[in-house]
Amino acid sequence: MANWNNLTKGFIRENPILVLLLGCCPTLATTTNAINGLSMGLAVTFVLIMSNICISLLKNFIPDKVRIPCFIVVIASFVTVVQLVMEAYLPAIYETLGLFIPLIVVNCIVLGRAEAYASKNPVGASIVDGLSMGLGYAFALTLLGCIREILGNGTVFDSRIISENYNVLIFVLAPGAFIALGYLIALMNVIRKKFQL
């Protein structure tokens, strides 16, 4: 049961976006549609899992005085892998996400999990933590991207669900991101309070 709770904590109790409010800048900037949100979420999930594994394995070899720079080097290595793979195999998504891919290096979710969890726990638990927080982040970005895409363009994952004449520009722009995220955070607070999560 403890493992199930650890796996689900990133979705509800400690969702990086909807509860902890971490990494809001890339969240608001990259969720203009569901595909972008999912792509960014999966990229961060990969970096979280892999950096948690490495940091957990190396925790006893990293001196305390240089642990943060070492964590950043490990994280930057996996971000570079993600960036090169996306540039080679998903050029359209790479162009759309642009600068926000290399900025994963300084995303407070990734560095925070490395410092708070992976550097103090065994590899197995660190993998579960990275998977949980990463999938929770991806879920929040994809949900926000879906809402903005439906309300802004009448499509979801580029499939039209509302007539072509439908277009509410505010939800495609930055103010719409703030509005949609605010309502999602409020909904999450209601759910957590009602079910005491």
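Residues numbered from 1 in each chain as written. Predicted model: local features only at pLDDT ≥ 70, side-chain atom pairs only at ≥ 80, totals over all residues. Heavy atoms only, no water.

(A) Looking closely at the overall build of the protein. Counting secondary structure elements, the protein contains 8 helices and 2 strands. Of the regular secondary structure in the protein, the N- to C-terminal order runs α-α-α-α-α-α-α-β-β-α. On C-alpha atoms alone, the protein measures out to a radius of gyration of 17 Å, which is about the 16 Å that the 2.2 N^0.38 rule sets for 197 residues. Overall size of the protein, expressed as C-alpha extent along the three principal axes, is 60 × 45 × 25 Å. Counting over 197 residues, the protein shows a buried share of 41%. Accessible surface, the protein as shown: approximately 10,100 Å² in total, 70% of it carbon and sulfur. Placing the 12 positive and 9 negative side-chain charges of the protein at their respective mean positions leaves the two points 15 Å apart. (Helix = DSSP H or I, 4+ residues; strand = E, 2+ residues; numbered from the N terminus. Rg over C-alpha atoms; globule rule 2.2 N^0.38 Å. Buried < 20%, exposed > 50% of the residue type's maximum accessible area, 1.4 Å probe, protein only. Areas by Shrake-Rupley, 256 points an atom, 1.4 Å probe, with all protein chains shown as cover. Lys, Arg positive; Asp, Glu negative; His and termini not counted. Charge placed at Lys NZ, Arg CZ, Asp CG, Glu CD.)

(B) Quick peek at the environment of Tyr 137. Here Tyr 137 is to be found in helix H7 (residues 123-153). Between the C-alpha atoms of Tyr 137 and Gly 152, which are 15 residues apart in sequence, the distance is 22 Å. Tyr 137 has contacts with Pro 16, Ile 17, Gly 23, Pro 26, Thr 27, Met 40, Gly 41, Val 44, Asn 107 and Ile 109, leaving out every residue within four places of it along the chain. (Contact = heavy atoms within 4.5 Å.)

(C) Broad picture of the pattern of salt bridges. Tallied over the entire structure, the rule returns 4 salt bridges. Residue Asp 129 pairs with Lys 9 through a salt bridge whose shortest N-O separation is 3.0 Å. One end of the pair, Asp 129, is in helix H7; the other, Lys 9, is in the loop between helix H1 (2-8) and helix H2 (24-30), and 120 residues separate them in sequence. By relative accessible area, which is 6% here, Lys 9 ends up buried. In this structure, Glu 14 engages Arg 113 in a salt bridge whose closest nitrogen and oxygen atoms are separated by 4.0 Å. In this pair, Glu 14 is assigned in the loop between H1 and H2 and Arg 113 in helix H6 (residues 108-118), connecting sequence segments 99 residues apart. Look at Glu 14 and you get partly exposed, because its relative accessible area is 25%. According to the relative accessible area criterion, Arg 113 is buried, its value standing at 12%. (Salt bridge = Lys/Arg side-chain N within 4 Å of Asp/Glu carboxyl O.)

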